[in-house]
Every structure is written in C-alpha cells, then in structure tokens.
Amino acid sequence: MAPTDPLEWARHPRSEAALHVLVRGAKSSRRLRAILEELQEIGVVSPDGGRLLAHWDGVRWAPYRHD
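Residues numbered from 1 in each chain as written. Predicted model: local features only at pLDDT ≥ 70, side-chain atom pairs only at ≥ 80, totals over all residues. Heavy atoms only, no water.

## Some remarks on helix α3 (residues 30-41)
The following threshold applies: Starting at the N terminus, helices and strands are each numbered in turn, a helix being any DSSP run of H or I of at least four residues and a strand any DSSP run of E of at least two. Expected helix span is computed as 1.5 Å times (number of residues minus one). We call two residues in contact whenever any of their non-hydrogen atoms come within 4.5 Å of each other.
Spanning 12 residues, α3 covers 16 Å between terminal C-alpha atoms, matching the ideal 16 Å at 1.5 Å per step. Where α3 is buried, its residues touch α1 (8-11), α2 (16-26) and β2 (61-63). Gly-43, located one to two residues past α3, shows a positive phi value of around 85 degrees.

What follows is the structure, given as structure tokens:
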C-alpha cells in the first residue's frame, strides 16, 4: 500500500473550511504557502486567497458553488 500524503487536504481542498486553514497555515509554513500559490496560479483559489473557485471531487477539479 502506498503511503498517504499528509498534505492531501491542502493540495486538493474540498471546502471553504479547508481553504481557510490553508490560508492561515501559509502565513507560517513555506510548504503550505507554495501549495496555496500553485492553487492560485491554476485558478482553484481566487488571487487574494479568500475564495475557493473549484473543489476537488475526488477525481478532478469541479466548480465550487457558493450558496
């Protein structure tokens, strides 16, 4: 069995709550900051880091609905 990635939640956020934890963590962790910047570059997270534009559905990025 392959080892699991402890940062999977950050690399593939599924909710606004996960994004907020990532943004807070990125203030003090270079690894989390790099993940956040990559997600911003590919359009998953808004440029200001405040909104999730897509979420990981387990297979691919899907548009995130803000209700």
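## Some details on the pattern of salt bridges
What counts, and what does not: One speaks of a salt bridge when a side-chain nitrogen belonging to Lys or Arg is within 4 Å of a carboxyl oxygen belonging to Asp or Glu.
According to the stated counting rule, one finds one salt bridge in the structure shown. Close ionic contact of Asp-5 with Arg-11 constitutes a salt bridge, the shortest N to O distance being 2.6 Å.

## Things to note about the packing of α2 against α3
So the rule is basically this: Axis definition: a line fit to C-alpha positions, over the contact stretch in the case of helices; interaxial angles, taken between N-to-C directions, run 0 to 180 degrees. Oblique is the label for any angle not covered by the other classes, which are roughly parallel (under 35 degrees), roughly antiparallel (over 145) and roughly perpendicular (65 to 115). Put simply, a crossing is left-handed when the front helix is turned counterclockwise from the back one by less than a right angle, and right-handed when it is turned clockwise.
The geometry of α2 relative to α3 is characterised by a closest axis approach of 8 Å and an angle of 125 degrees between their N-to-C directions. The pairing of α2 with α3 is recorded here as oblique in orientation. Like other packed secondary-structure pairs, α2 and α3 cross with a definite hand, here left-handed. For the pair α2 and α3, contact is made by Leu-19, Leu-22, Val-23, Gly-25 and Ala-26 and by Leu-32, Arg-33, Ile-35, Leu-36 and Leu-39, respectively.

## Points about the nonpolar core
Rules: Only buried residues count toward a nonpolar core, which is a set of Ala, Val, Leu, Ile, Met, Phe, Trp, Tyr and Cys residues joined through side-chain atoms within 4.5 Å. Burial classes: relative accessible area under 20% of the type maximum marks a residue as buried, over 50% as exposed, and values in between as partly exposed (1.4 Å probe, protein chains only).
Within the largest apolar cluster, 13 residues are counted, with the highest numbers of intra-cluster contacts made by Leu-22, Leu-32, Ile-35, Leu-36, Leu-39, Val-44 and Val-45. Listed by contribution, the elements that provide at least two residues to this core are α2 and α3. It is α3 that provides the largest number of residues to this core, a total of four residues.

## Remarks on the side chain of Ser-46
What counts here: Throughout this description, a polar contact denotes any pair of N or O atoms lying within 3.5 Å of each other; where both atoms belong to protein, one of them has to be capable of donating a hydrogen while the other can accept it, and for residues adjacent in sequence the pair is counted only when both atoms sit in side chains.
Relative to the helices and strands, Ser-46 resides in the loop between α3 and β1 (54-56). At 3.2 Å, the side chain of Ser-46 forms a polar contact with the backbone nitrogen of Gly-50. With residues near it in sequence (within four places) discarded, Ser-46 still touches Gln-40, Arg-51 and Leu-53.

## Quick notes on the side chain of Glu-16
Spelled out, the test is: Only four residue types enter the charge count: Lys and Arg as positive, Asp and Glu as negative, with His and the chain ends excluded.
Within the secondary structure, Glu-16 sits in helix α2. Here Glu-16 is buried and forms no salt bridge, its nearest opposite-charge partner Arg-51 lying at an N-O distance of 5.6 Å.

## Describing the environment of Arg-14
Relative to the assigned elements, Arg-14 resides in the loop between α1 and α2. Discounting residues that sit within four places of it in the chain, Arg-14 has contacts with Leu-52, His-55, Trp-56, Asp-57, Gly-58 and Tyr-64.

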